[in-house]
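Tertiary structure, described
Here are the chains, one letter per residue:
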Amino acid sequence: MPDRIVIHGACQNNLKNVSLELPLNELVVVTGVSGSGKSSLVFDTLYAEGQRRYVETFSPYARQFLDRMDKPRVERIEGIPPAIAIDQTNPVRTSRSTVGTMTELADHLKLLYARAARLHCRRCGESVARDTPDSIYRALAARTQAAGDPRLVITFPVTVPHNFSEAEVLELLGRQGYTRVHARRGATLDVVQDRLRFGSAERARVIEAIEAALSVGHGRVDVHSENGGPWRFSTDLHCADCDIHYQDPAPSLFSFNSPLGACDTCRGFGRVIGIDFGLVVPDAAKTLRGGAVKPWQTPSFRECQDDLVKYAKKRNVPLDTPWRDLNEETRRWVLEGEPEWVSWSKSWPGTWYGVRRFFAWLESKAYKMHIRVLLSKYRAYTPCADCGGARLKPDALLWRLGTREDADRVLDPARRFRPRGVEFASDVLACLAGLSLHDLMLLPIADARRFFAELELPAPLDEATDLLLTEIRSRLGYLADVGLDYLTLDRQSRTLSGGEVQRINLTTALGTSLVNTLFVLDEPSIGLHPRDMRRVIGVMHRLRDAGNSLVVVEHDPQVMLAADRILDIGPGPGERGGEVVFFGSPDELKRAPGSLTADYLAGRKRAEAPRAAPPRDAARLELRGVSEHNLKSIDVSLPLHRLVCITGVSGSGKSTLVHDVLYAALLRAKGRPTEAPGAHRALLGDDAIADVVMIDQTPIGRTTRSNPASYVGAFDAIRRRFAATASARERGYTHATFSFNAGNGRCPSCGG
């Protein structure tokens with residue numbers, strides 16, 4: 001087996017006939033100035049060839065379903081193993097994908113809940129389990145001892161069918177030896193199986209009576225005591241006290257990607273497209289009389305504003321108080337209308353309809369184009385009302401894992417998720433044992449890891465459940481090792497940064513226990529605080545020690561010094577790059593002449609601090625009381641006309657503050673559609689800003705025709721200059737003729 005990758009004559013992009021040998025089973029860092037050819041060598045040459053050769057091992061039929069990369073411009077490459085690229089791109093666009101599904105933890109959790117979780121009744125909150133004759137005997141022993149050994153009557157329920165009379169049913173029971181009826185409950189008869197005192201009865205007699213009652217009563221038995229009401233038992237997943245049946249747990253019940261488990265309303269997305277009242281009332285500083293309800297300020301719907309003023313005066317609703325200062329009951333009256341409302345024909349005029357019924361009336365007119373345009377301005381994704389954003393059916397959220405002590409250790413009882421449709425009180429919810437699946441998904445990974453580290457499931461545990469627990473603990477540990485313990489498993493994948501996606505993929509690779517594989521990484525330090533870099537380096541060393549080879553494009557000094565070898569590509573960008581400047585150990589690099597990287601790494605050169613900007617006006621953008629995710633009701637004041645940097649350790653709340661709160665709040669203040677901003681009390685100073693633009697790591701191109709010149713609009717001017725030449729005018733060419741995106745000018749063979 002070869003011990004190195006040999007590259008001969010690589011000429012991809014700006015590489016200048018590069019030839020070198022990369023040892024296997026080592027961590028190799030490729031560095032150099034931007035544009036020097038690092039990605040051309042690592043991704044476009046090494047990874048492309050490794051992936052291409054791996055795909056070539058499949059049959060022609062299988063290859064048609066796999067992405068194949070073009071053969072790189074290289075004479076030959078020897079000894080290359082199958083390659084996996086872990087880069088910064090986030091290909092996920094669907095809202096169904098979460099951190100839990102990306103890391104496969106969601107798959108492990110649904111199996112664990114199907115095997116080890118306990119069901120609690122939606123009405124009384126009591127634990128629901130299948131009863132057996134032995135478990136019923138033990139329960140009776142405990143209850144009769146506490147009650148002073150009263151006389152017991154063991155009965156089973158028999159329902160009289162609608163096509164039989166009670167006399168006919170009693171006659172059939174009499175033929176089987178059952179002649180006594182303890183009580184009648186409507187169409188149900190409580191038929192006596194046996195009467196005894198538990199303390200003096202033999203165990204065999206009690207067990208035999210219970211088994212016979214369960215057999216004739218179709219899995220249900222009631223035990224009546226002379227001191228109190230009946231004790232009900234059932235061999236099904238059935239709350240005997242509330243008479244509610246539940247379905248058996250299956251892994252698909254705990255998956256929002258399965259029709260069996262997904263909420264029927266939102267289909268597992270957790271959100272639905274509805275009217276966003278934040279867009280309806282975008283400016284909380286306005287009053288009801290001053291136009292707080294935006295859609296009613298147009299001439300078309302001015303009549304609704306007049307109705308609001310008229311009914312507000314009748315109901316003593318303040319018209320000149322800012323929206324933000326109105327109490328919750330008044331806001332609900334404006335938005336939801338009055339509860340006495342029945343319909344437009346029966347309730348209007350006389351009853352206030354509210355904003356929601358106004359939009360429901362608009363929906364009935366949605367066959368008109370201008371109404372559909374109007375509705376689109378006030379629609380946004382809102383949490384699903386049926387599942388509360390949990391994505392799962394209510395029955396799936398009744399299953400809980402662990403003990404009450406396990407749950408209280410990581411989650412305040414007052415913050416437990418209350419499933420829709422449960423009838424027990426909040427204090428009962430706070431006392432239930434364990435956590436529901438949605439509770440677990442909403443925990444930061446650090447807390448989830450602590451929950452599973454100390455979780456002890458009741459015996460007997462089979463081998464499969466033990467393996468599940470071990471795998472869950474190890475994967476949560478990997479996520480913590482790469483500095484992602486601040487994420488929640490419910491976090492949507494499409495909201496992750498490129499660096500976070502790369503580190504998640506790194507933990508997935510570690511969890512699969514791959515060996516003899518080439519891992520190609522693109523700057524895994526992006527977005528990571530220097531404090532957390534050592535943990536990522538530790539994960540890369542573990543991958544290497546497991547028998548894999550890592551080639552990492554990186555500029556971070558910590559990663560470079562932790563590498564086995566460093567490959568410096570340069571010496572400059574573009575045409576001045578594409579050559580091997582240095583290849584050796586980190587200590588040798590510091591002494592290497594002619595390497596710009598070596599000069600900075602050894603301290604011979606350093607980046608100078610830029611000069612301070614001249615003072616400008618004192619305009620500021622202020623956020624008050626920001627409390628989204630882990631932000632603790634902070635006030636932030638950002639000076640305008642400045643370059644403001646927000647930094648902190650990984651998971652400290654930087655992205656929450658900027659992306660989830662500031663950006664979304666500014667969009668809403670400008671009346672543009674957005675998801676609900678993160679929790680905050682007020683946004684001030686937004687009138688000094690004309691617009692807001694988010695520049696993130698999302699790829700700018702949508703098609704293979706897109707390039708930087710067409711994206712920034714430079715090609716528009718170039719095409720016009722070509723169209724203005726004498727030859728073009730002579731042939732009747734326009735600027736569209738010189739476009740490869742459309743028209744007759746593009747190549748007819750490849751379509752541009």
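Read on for an overview of the structure. (Residues numbered from 1 in each chain as written. Predicted model: local features only at pLDDT ≥ 70, side-chain atom pairs only at ≥ 80, totals over all residues. Heavy atoms only, no water.)

Quick look at the nonpolar core now. Formed by 85 residues in total, the largest nonpolar core has its most connected members in Leu112, Tyr246, Leu401, Phe452, Leu506 and Met540. Among residues more than four places away in sequence, those in contact with Leu506 are Ile86, Val482, Leu521, Val536, Val539, Met540 and Leu543. Formed by 34 residues, the second largest nonpolar core is a distinct cluster that contains Ala312, Trp333, Trp341 and Tyr378. (Core = buried A, V, L, I, M, F, W, Y, C linked by side-chain atoms within 4.5 Å. Buried < 20%, exposed > 50% of the residue type's maximum accessible area, 1.4 Å probe, protein only. Contact = heavy atoms within 4.5 Å.)

Moving on: the packing of helix α5 (residues 133-147) against helix α7 (residues 203-216). At a minimum axis separation of 10 Å, α5 and α7 run at an interaxial angle of 120 degrees. On the basis of the axis angle, α5 is oblique to α7. α5 and α7 meet at a crossing whose hand is right-handed. Across the interface between the two elements, Pro133, Asp134, Ile136, Tyr137 and Leu140 from α5 touch Arg203, Val206, Ile207, Ile210, Glu211 and Leu214 from α7. Of the residues contributing to the contact of α5 with α7, the split by class is eight nonpolar, no polar and three charged. (Axes fitted to C-alpha atoms, helices over the stretch in contact; angles between N-to-C directions. Helix = DSSP H or I, 4+ residues; strand = E, 2+ residues; numbered from the N terminus. Parallel < 35°, antiparallel > 145°, perpendicular 65-115°, else oblique. Left-handed = near helix turned anticlockwise from the far one by under 90°. Nonpolar A, V, L, I, M, F, W, Y, C, P; charged D, E, K, R; others polar.)

Under the criterion given, the structure shown has 22 aromatic pairs. Measuring from centroid to centroid gives 5.5 Å for Tyr311 and Trp348, while their planes differ by 35 degrees, and the two rings are tilted. On the criterion of sequence distance, the pair formed by Tyr311 in helix α9 (residues 302-314) and Trp348 in the loop between α11 (344-347) and α12 (354-363) is long-range, its members being 37 residues apart. For the pair Tyr733 and Phe738, a centre-to-centre distance of 6.0 Å together with 80 degrees between the ring planes defines the contact as edge-to-face. Ring pairing ties together the aromatic residues Trp296, Phe301, Tyr311, Trp333, Trp348, Trp352, Tyr353, Phe358, Phe359, Trp361 and Tyr378, which thus form one cluster. The ring of Phe269 has Arg96 sitting right over it, with the charged end atom 4.3 Å from the ring centre. Cation over ring: Arg391 sits above Phe256, and NZ or CZ is 4.6 Å from the ring centre. (Phe/Tyr/Trp six-rings, centres within 6.5 Å; stacked < 30°, edge-to-face > 60°. Lys NZ or Arg CZ within 6 Å of the ring centre and 35° of its normal.)

What follows deals with the sheet that holds strand β24 (residues 682-684). If you trace the three strands from one edge of the open sheet to the other, you get β23-β22-β24, paired in antiparallel fashion. Either end of the sheet is taken by a strand with one partner, and the two such strands are β23 (634-639) and β24. With direction set aside, neighbouring strand axes in the sheet form an average angle of 10 degrees. With three bridges joining them, strand β22 (residues 620-626) and β24 adopt antiparallel strand pairing. Opposite Arg624, over in β24, you have Ala682 as the bridge partner. Packed onto the sheet, helix α24 (residues 654-669) meets β22, β23 and β24 and runs at close to 115 degrees relative to β22. (Pairing = 2+ DSSP bridges.)

The subject of this paragraph is α24. Over its 16 residues, α24 extends 21 Å from the first C-alpha to the last, a length consistent with the 22 Å expected when each residue adds 1.5 Å. Its axis deflected by about 25 degrees at Leu662, α24 carries its strongest bend there. The elements touched by buried residues of α24 are α8 (277-280), β22, β23 and β24. (Expected span 1.5 Å × (residues − 1). Bend = angle between axes of the 7 residues up to and from the residue.)

Moving on: the packing of helix α17 (residues 445-453) against helix α18 (residues 463-481). Running from N to C, α17 and α18 point in directions that differ by 150 degrees, and their axes come no closer than 10 Å. By the angle between their axes, α17 is roughly antiparallel relative to α18. Helix-helix and strand crossings are classified by hand; for α17 and α18 the assignment is left-handed. Contact residues: Ile445, Ala448, Arg449, Phe452 and Ala453 in α17; Leu469, Ile472, Arg473, Leu476, Gly477, Leu479 and Ala480 in α18. Considering only residue class, the contact of α17 with α18 consists of nine nonpolar, one polar and two charged.

This next bit is on the pairing of strand β3 (residues 27-31). Here β3 lies mainly inside the structure; five of its five residues are buried. Across the two faces of β3 the burial is the same, with Leu27, Val29 and Thr31 and Val28 and Val30 all buried. The pairing of β3 with strand β19 (residues 549-553) spans four bridges and is classified as parallel. Looking across to β19, one finds that Val30 is bridged to Val553. Where β3 and strand β20 (residues 565-570) come together, four bridges link them in parallel fashion.

So, about the pattern of salt bridges. By the definition in use, this model includes 41 salt bridges. Linking Arg52 and Glu49 is a salt bridge whose minimum nitrogen-to-oxygen distance equals 2.8 Å. One end of the pair is Arg52 and the other is Glu49, both in helix α1 (residues 38-56) and three residues apart, which spans about a single turn. In this structure, the salt-bridge partner of Asp248 is Arg130, at a minimum N-O distance of 2.2 Å. You can see Asp248 sitting in the loop between β14 (244-245) and β15 (271-275) and its partner Arg130 sitting in the loop between β7 (127-128) and α5, a full 118 residues away along the chain. The class of Arg130 is partly exposed, set by a relative accessible area of 42%. Each member of the salt-bridge network shares a partner with another, and the members are Arg185, Asp190, Asp222 and Arg232. (Salt bridge = Lys/Arg side-chain N within 4 Å of Asp/Glu carboxyl O.)

With respect to the secondary-structure elements, Asp568 resides in strand β20. Although Asp568 lies buried, it forms no salt bridge, and the closest oppositely charged side chain, Lys38, sits 8.0 Å away as judged by the N-O distance. Within the structure, the side chain of Asp568 is placed 2.5 Å from the side chain of Ser595, a separation counted as a polar contact. Excluding residues that lie within four positions of it along the chain, Asp568 makes contacts with Thr31, Gly32, Glu579, Val580, Val581, Phe582, Ser595 and Thr597. (Lys, Arg positive; Asp, Glu negative; His and termini not counted. Polar contact = N/O pair within 3.5 Å; in protein donor to acceptor, adjacent residues only side chain to side chain.)

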